[in-house]
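Next come the chains, spelled out residue by residue.
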Amino acid sequence: MQKKISILIPIYNEEGNIVTITNALHKVLMPLPYNYEIIFVDDGSEDNSLNEIKELTQQQSNIFFISFSKNFGHQNAIKAGFDMVTGECVISMDGDMQHPPTLIPLLLKKWEEGYDIVYTIRKDHMEMPILKRRTSEMFYNVMNKLSDIELESGTADFRLMDKSVISVAKNFQEDDLFWRGLIKWMGFSQIGIEYEPAQRLKGKSKYTFKKMLQFALRGITSFSIKPLGIAIYLGFLFALLSLLYVPYVLYSVYFGHPISGWASLIVTIVFFGGLQLMILGIIGMYLGKLFMQSKQRPHYIIKETNLK
Ligand code: UDP
Ligand code: MG
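Residues numbered from 1 in each chain as written. Chains lettered and ligands numbered in written order. Predicted model: local features only at pLDDT ≥ 70, side-chain atom pairs only at ≥ 80, totals over all residues. Heavy atoms only, no water.

Quick look at the pattern of salt bridges now. Tallied over the full model, the rule gives 17 salt bridges. Measuring nitrogen to oxygen at the nearest pair gives 3.3 Å for the salt bridge that ties Lys79 to Asp83. Here Lys79 pairs with Asp83, and both are found in helix α3 (residues 74-84), just four residues apart, close to one helical turn. Residue Lys79 is classed as buried on the basis of its relative accessible area of 4%. Note that Lys110 and Glu113 form a salt bridge whose closest N and O atoms lie 3.6 Å from each other. (Salt bridge = Lys/Arg side-chain N within 4 Å of Asp/Glu carboxyl O. Helix = DSSP H or I, 4+ residues; strand = E, 2+ residues; numbered from the N terminus. Buried < 20%, exposed > 50% of the residue type's maximum accessible area, 1.4 Å probe, protein only.)

Printed below as a string of structure tokens:
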């Protein structure tokens, strides 16, 4: 009996890309000695994506779909896939052809060699927008400094996971899922391989700058509580600095020099006001996470699927 592998593809407004990626996958997978299924998770697309997927499922018996009741986000779409897949291993990838299907044989080879997780590292090349490259680099730097996990720059949600990994991952109940961090954190035997990303086939990236920033903040606050300690260090620092001011004040009083200082007062007040609000904001963010988590809402709602 041939082993079955599952390909998992989250889709949000990817019309025009779906047939192309399916054909590319068939081309790569057909010659390999595996059974395979392709699962599209339609994350509340507003274009023709779902119809394109459904049409494929009618023509080909190894294509499946899960369709959400609205847009729940990329990471939740991956979670839905984890909950439903049946393969001996799962390969998750984007639906826009940026993750080259031709890399799949190599992922499978590493899996056959005994690795439980084969993740991929995007080699950033010049064609990528400079802003995206820099912000992405910055994110991985901050993430690695603040958290206990070490993420290589450019690890995206293109990876192979053994079913033993999936069976653990799908039980994660945390609200803000950040898979690339969670998977790294899980351990098992992991290996990373590099690849050259391709251009997005059709459509626009769903990660606008604002969304990327939110995603980065979610990632960092999911993996580290270090920002909560910032207030302590800053508090100490400024308390110490203020001590340096004491001799000057004493001197001025003693020798009868008037201390003028409307400007310096205002600057100090505004500075510390800002600092305090910033720290409050950080605390608020963690509190908000706790609040959302306490509701225990489902990660996604399935409206329709052809999976059993
Ligand atoms: N995606 C999704 N839900 C979302 C946003 C994106 O399922 O809310 C999917 C999208 O269709 C694609 C993958 O996640 O298959 C990665 O998105 P995108 O290519 O826009 O991100 P980028 O490659 O630009 O970082
Ligand atoms: Mg993409």
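So, on to the nonpolar core. Residues Ile39, Val41, Phe68, Phe82, Met143 and Trp179 are the most contacted members of the largest nonpolar core, which totals 38 residues. One finds Tyr34, Leu50, Ile53 and Ile193 within the second-largest nonpolar core, a separate group that totals 34 residues. (Core = buried A, V, L, I, M, F, W, Y, C linked by side-chain atoms within 4.5 Å.)

All right, on to the site of ligand 1 then. Looking at ligand 1, there are 18 residues lining it, with Glu14, Asp43, Asp96, Ser205 and Lys206 nearest. Asp43 is positioned with one of its side-chain polar atoms (N or O) 2.6 Å from a nitrogen atom of ligand 1. Contact between ligand 1 and Lys206: an oxygen atom at 2.6 Å from a main-chain N or O atom of the residue. Compared with its free state, where it exposes 530 Å², ligand 1 has 92% of that area covered by protein. In the shell around ligand 1, the residues fall into four nonpolar, six polar and eight charged. (Near = heavy atom within 4 Å. Polar contact = N/O pair within 3.5 Å; in protein donor to acceptor, adjacent residues only side chain to side chain. Areas by Shrake-Rupley, 256 points an atom, 1.4 Å probe, with all protein chains shown as cover. Nonpolar A, V, L, I, M, F, W, Y, C, P; charged D, E, K, R; others polar.)

Protein-derived ligands of the magnesium ion (ligand 2) are Asp96 (OD) and Gln98 (OE1), with the metal-ligand distances lying across 2.0 Å. Look at Asp96 and you get buried, because its relative accessible area is 3%. (Donors = N, O, S within 2.8 Å, 3.2 Å for Na, K, Ca; no water.)

Put simply, helix α8 (residues 209-223) and helix α10 (residues 262-295) touch, their axes get as near as 11 Å, and they point 80 degrees apart. Taken together, the axes of α8 and α10 are roughly perpendicular relative to one another. Residues Leu217, Arg218, Thr221 and Ser222 of α8 touch α10, and the partners they reach there are Met285, Tyr286 and Lys289. Classifying every residue of the contact of α8 with α10 by side-chain character gives three nonpolar, two polar and two charged. (Axes fitted to C-alpha atoms, helices over the stretch in contact; angles between N-to-C directions. Parallel < 35°, antiparallel > 145°, perpendicular 65-115°, else oblique. Contact = heavy atoms within 4.5 Å.)

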